[in-house]
Amino acid sequence: MTREELLAACRAAAREAATFIEQQSRRLRELDWQPKARVDFVSMVDTGAEERIRAMLLRCFPDARIIGEELSPDETRMDGLVFAVDPLDGTTNFLHGYPQYAVSIAAMMDGTLEACVVHDVPRAVQYTASRGDGAYREAERITVSRIENPGRALIGTGFPFRDPQQLEPYMGGFQRVAREAAGIRRAGAAALDLVDVACGRFDAFWELSLSSWDVAAGILLVREAGGVVTDINGVEKTVSHGSVVAGNPVMHNWLLKALSP
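Now for a quick tour of the structure. (Residues numbered from 1 in each chain as written. Predicted model: local features only at pLDDT ≥ 70, side-chain atom pairs only at ≥ 80, totals over all residues. Heavy atoms only, no water.)

1. Here's the deal with the overall build of the protein
Quick note on the threshold: Strands are runs of DSSP state E lasting at least two residues, helices are runs of H or I lasting at least four, and both sets are numbered from the N terminus onward. A radius of gyration in this sense is built from C-alpha atoms; the matching globule rule multiplies 2.2 Å by the number of residues raised to 0.38. For each residue, the accessible area found with a 1.4 Å probe, counting protein chains only, is set against the maximum for its type, and the residue is called buried under 20%, exposed over 50%, and partly exposed in between. We call two residues contacting when some pair of their heavy atoms lies within 4.5 Å. All accessibility values rest on the Shrake-Rupley procedure with a 1.4 Å probe; residue burial counts only the protein chains present in the view.
Across its full length, the protein carries seven helices and 14 strands. For 261 residues, the compact-globule estimate of 2.2 N^0.38 gives 18 Å, and the C-alpha radius of gyration of the protein, at 17 Å, lies within 12% of that figure. Taken across its 261 residues, the protein has 55% of its residues classed as buried. Nonlocal contacts in the protein, meaning residues at least 24 apart in sequence, comprise 62% of its contacts between residues at least 6 apart. Accessible surface computed for the protein: about 11600 Å², of which carbon and sulfur atoms make up 49%.

2. Notes on the sheet that holds strand β12 (residues 204–210)
Let me state the cut-off plainly: Pairing between strands is defined by DSSP: at least two bridges between the two strands are required. In this analysis, axes come from line fits to C-alpha atoms, helices being fitted only over the stretch in contact, and the angle between any two N-to-C directions falls in the range 0 to 180 degrees.
In space, the five strands of this open sheet follow the order β11-β10-β12-β14-β13, with mixed pairing throughout. A single partner strand is all that each edge strand has here, and the edge strands are β11 (183–185) and β13 (228–230). Ignoring strand direction, the axes of neighbouring strands in this sheet form an average angle of 15 degrees. Sheet topology places strand β10 (residues 154–157) next to β12; three bridges connect them, and they run parallel.

3. Some remarks on the pattern of salt bridges
For clarity, the threshold we go by: A pairing counts as a salt bridge when a side-chain nitrogen of Lys or Arg comes within 4 Å of a carboxyl oxygen of Asp or Glu.
Applying the stated criterion to the full structure yields eight salt bridges. Across the pair Glu 138 and Arg 11 runs a salt bridge whose closest N-O atoms are separated by 3.5 Å. Of this pair, Glu 138 sits in the loop between β8 (135–137) and β9 (140–142) while Arg 11 sits in helix α1 (residues 3–24); the two residues are 127 residues apart in sequence, bridging distant segments of the chain. Residue Arg 11 is classed as partly exposed on the basis of its relative accessible area of 22%. Ionic pairing is found between Arg 27 and Glu 30, a salt bridge with its closest N-O pair at 3.3 Å. Given the relative accessible area of 28%, Arg 27 is considered partly exposed. One network of salt bridges, in which partners are shared, links Arg 3, Glu 114 and Arg 131.

4. Looking at the side chain of Arg 65
In this fold, Arg 65 is placed in strand β3 (residues 65–68). Note on Arg 65: relative accessible area 17%, which makes it buried. With residues up to four places along the chain from it excluded, the contact list for Arg 65 reads Glu 75, Arg 77, Met 78, Asp 79, Leu 81, Val 82 and Phe 83.

5. Examining the pairing of strand β6 (residues 112–120)
Counted residue by residue, β6 has eight buried out of nine residues, so it is predominantly covered. When strand β5 (residues 102–109) meets β6, the two strands line up antiparallel, connected through eight bridges. Considered in β6, the bridge of Ile 105 is made with Val 117. Hairpin connection, β5 to β6: the antiparallel pair is bridged by two residues, and Asp 110 has positive phi, about 50 degrees. Relative to strand β7 (residues 125–130), β6 runs antiparallel, the two being bridged by six bridges. Opposite Ala 115, over in β7, you have Ser 130 as the bridge partner. Hairpin connection from β6 to β7: four residues lie between these consecutive antiparallel strands, with Ala 124 at a positive phi of about 55 degrees.

Here it is, written out as structure tokens:
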């Protein structure tokens, strides 16, 4: 199989899921929320979207494995062809009608990211990347920002809402960043936050705890757009749970230093 074939399958599956999500967005008041954790929710929209993605990908690649947030979150094997799927990144936003949520799919071969798509559902826009071929907003090439001065930088972040014990160390880093950056934004959908880094809307982004399916597509998008993605210790980020720091090369380096106590 080629990267082009993998990307085509990811795009088609994301469109299928996005169509379903858009249809369900018209009946938000009827949806039943189920808590997964203290402030983390799931609905039939999440599971329905993942079922559609899974069916399409397995039709194209019957031997593939899928790491999906709702239906197979405990899958860990990375050998062979693996898809990391977040069927609805930004579920809480979706359930409140806040227009910041997306479908995120990444294809990996033996642990190497090969192709990805993040489908911005409310805006009906796809962001794609293939290893070595650049990153795109539909057919338009995208690149990270060129801003190198923190005083002019807009930084994205995500709060550690699942783990209150991380709030204190997070707030220390937040204060250090806020003292120097032009602004900080928290929109609540990590896949789209990383899209914003890849597009140059954010000059950098950090979050202390994300799942593999939250970041898989975004990692490839940022790197193919000329950016850097590591964990908070500066180690090259893999498709795994944990912290994420992303940005253009200069702002990424500044953010790492600012987050370090």
